[in-house]
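These are the residues of each chain, in order.
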Amino acid sequence: MTVTAYLAHPDFIDELIGELGDVCERHGRLLLAPGPARAVAWAQNIWYEPQRVTIASIGDAAKTLRGIQRNWAHYAYEAQGRAKLIAEKLPHVSGKPLVFPQARPAAPLGSWTLLDRNTMLCAPHCSSAFSNGEVPFVEDKVTPPTRAYLKLWEALTLLDERPGPGDVCLDLGSCPGGWTWVVQQLGVRVLSIDKAPLDPAIAALPNIEFRAQSAFALDPREFERIDWLFCDVACYPKRLLTLVKRWIESGVCGRLVCTIKLQGETDQAVLREFADIAGSTTRHLWHNKHELTWTWARSEPGAGAPQL
Ligand SMILES: C[S@@+](CC[C@H](N)C(=O)[O-])C[C@H]1O[C@@H](n2cnc3c(N)ncnc32)[C@H](O)[C@@H]1O
C-alpha cells in the first residue's frame, strides 16, 4: 500500500488529522495516511513515498541515508540520543536563517526519523526545502511594530516571487503596519488601508499612502491595476471570501495574498470554496497562528500559477 507522511505544526496536529480524515499511523506529529500525497493545507512538510528501513547500527543508518542522497533533515521523535549520533555522521546541511528577500534553498532536502531503535522512516523527496517545514529568518526586532511581517516574508519566499519597483500594491487591514513595511522595503508604492492608524514610524516612510477606512468599502473599479493585493483583515472567512471574489472578478488584480483567520469550529465549506478558486493555494505557514494563508495568481496564457 502506498502511504504518504505529513508533518503537522506542533500546535495544529488535530487540524491536520481532521483534514486528512484517514490517518493510519501516528508518530508524534508525523501522520501517515494511505495513498499518494494530497494537497492538504495544514501540513508543514509532506514526505513523499516514505521508506521503512531496518537498521543494524548507527553507522548502518547513516550509510543508508548517505547512499540515497546528500541532504537530510531529522524529525526528532523516538530514540533521540541514537538519532543524534546518526545525524552527526551525515553531511552538514546549512540551516542558516534567510536574510529576506533571499531565495529559499534550491537543493532537495530529505527527511528521516527513528520509529524505534532499529526502524527508520525516511523520504528523499519532501514538499518543503526547509528542515521540518520551519522557515527561519534573520528577524528585524527594531522596525516592524509586530511579528506579523514574518508570515508575509514566508509567503513571498515560498512563492519565489516578490513585488518589485513599479508594482502597485494594496494592503488591506494594515495596522500597525508590518506588511506595509515589508512591501515598502521592496521599493514598491503601497496603498495601506485600515480603520485604525499605522504605527507613526511606518506611516512616516516614503511610498506609503494610508487611508483610514474599511477594506470592504473599497471599490475595485477605482483602480486600473493592482499588481499585488495583500489582506490580513481580522474578519470571518466568509466575509474574506466575498471580498477576494469581488477583486478577482474585477480583473484588476494580478496576485492576492490573504490570511484566512479561523476561530473555534472551522467552517470547512468556506475553506473548500477558497480551495476551489482556480489558481489558488491554501497553506498553513510556519509563522501562521490559527489561520491559513491563501494565495492566488491570475494565470497567464500557457503558464501555471505559482504555488506556495
Ligand atoms: C492582524 S491585524 C493586521 C496586522 C498587519 N498585517 C501588520 O502586519 O501589522 C488585523 C487588522 O485588521 C483590521 N481590520 C478589521 N476590520 C477591518 C475592516 N473592516 N477594514 C480594514 N481593516 C480592518 C484591524 O484594525 C487590524 O488592524
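Our subject is the structure listed above.
Residues numbered from 1 in each chain as written. Predicted model: local features only at pLDDT ≥ 70, side-chain atom pairs only at ≥ 80, totals over all residues. Heavy atoms only, no water.

Q: In this structure, what is going on with the packing of aromatic side chains? I would like to understand it.
A: Ring pairs (aromatic) are described by centroid distance and by the angle formed between their planes. Per the counting criterion, the structure on display carries 12 aromatic pairs. With 5.8 Å between their ring centres and 45° between their planes, Phe223 and Trp247 make a pair best called tilted. Of this pair, Phe223 sits in the loop between strand 12 (208-212) and strand 13 (226-231) while Trp247 sits in helix 7 (residues 237-250); the two residues are 24 residues apart in sequence, bridging distant segments of the chain. Grouping residues by exposure puts Phe223 and Trp247 together as buried. Its end group placed over the ring of Phe216, Arg239 keeps NZ or CZ at 3.7 Å from the ring centre. (Phe/Tyr/Trp six-rings, centres within 6.5 Å; stacked < 30°, edge-to-face > 60°. Helix = DSSP H or I, 4+ residues; strand = E, 2+ residues; numbered from the N terminus. Buried < 20%, exposed > 50% of the residue type's maximum accessible area, 1.4 Å probe, protein only. Lys NZ or Arg CZ within 6 Å of the ring centre and 35° of its normal.)

Q: Teacher, can you tell me more about the sheet that holds strand 15 (residues 280-283) here?
A: One open sheet holds the seven strands; their spatial order is 12-11-10-13-14-16-15, and the pairing between them is mixed. Each edge of the open sheet is held by one strand with a lone partner, namely strand 12 and strand 15. Recorded for the sheet is a direction-independent mean angle of 15° between the axes of neighbouring strands. Pairing geometry for strand 10 (residues 168-172) and strand 11 (residues 189-194), over five bridges, is parallel. (Pairing = 2+ DSSP bridges. Axes fitted to C-alpha atoms, helices over the stretch in contact; angles between N-to-C directions.)

Q: Please explain the packing of helix 4 (residues 149-159) against helix 5 (residues 178-185) as it appears in this structure.
A: Angle between the axes and distance between the axes: these two values describe a pair of packed helices. It is the contact of helix 4 with helix 5, at a shortest axis distance of 8 Å, that shows an interaxial angle of 45°. It follows that helix 4 is oblique to helix 5 by the angle criterion. Like other packed secondary-structure pairs, helix 4 and helix 5 cross with a definite hand, here right-handed. Every residue of helix 5 that contacts helix 4 at Tyr149, Lys151, Leu152, Trp153 and Leu156 is listed here: Gly178, Trp179, Trp181, Val182 and Val183. The residue inventory of the contact of helix 4 with helix 5, partitioned by class, reads eight nonpolar, one polar and one charged. (Parallel < 35°, antiparallel > 145°, perpendicular 65-115°, else oblique. Left-handed = near helix turned anticlockwise from the far one by under 90°. Contact = heavy atoms within 4.5 Å. Nonpolar A, V, L, I, M, F, W, Y, C, P; charged D, E, K, R; others polar.)

Q: Can you walk me through the site of the ligand in this structure?
A: Taken together, 18 residues are adjacent to the ligand, and Gly178, Trp179, Asp194, Ala215 and Asp232 come closest. Backbone polar atom of Gly177 to an oxygen atom of the ligand: 3.0 Å apart, as the coordinates give it. Contacts to the ligand include Asp232, whose side-chain N or O atom sits 2.8 Å from a nitrogen atom. Within the complex, 83% of the 600 Å² of free accessible area of the ligand lies under protein. When its residues are assigned to classes, the shell around the ligand shows eight nonpolar, six polar and four charged. (Near = heavy atom within 4 Å. Polar contact = N/O pair within 3.5 Å; in protein donor to acceptor, adjacent residues only side chain to side chain. Areas by Shrake-Rupley, 256 points an atom, 1.4 Å probe, with all protein chains shown as cover.)

Q: Would you take a moment to explain the pattern of salt bridges for this structure?
A: Two side chains with opposite charge may pair up if their charged atoms get near one another. The full count for this structure, using the stated rule, is 18 salt bridges. Between Arg29 and Glu134 there is a salt bridge; the shortest N-O distance is 3.8 Å. Placement of Arg29 in the loop between strand 2 (25-27) and strand 3 (30-34) and of Glu134 in the loop between strand 9 (125-126) and helix 4 is noted, with a sequence separation of 105 residues between them. A relative accessible area of 13% places Arg29 in the buried class. A salt bridge links Lys261 to Glu291; its shortest N-O distance comes to 3.6 Å. With Lys261 in strand 14 (residues 253-261) and Glu291 in strand 16 (residues 291-297), this pair connects stretches of sequence that are 30 residues apart. For the pair Lys261 and Glu291, one class covers both residues: buried. Each of Lys151, Asp232, Lys261 and Glu291 takes part in a single network of salt bridges with overlapping partners. (Salt bridge = Lys/Arg side-chain N within 4 Å of Asp/Glu carboxyl O.)

By themselves, these figures tell us nothing about what the structure is for.
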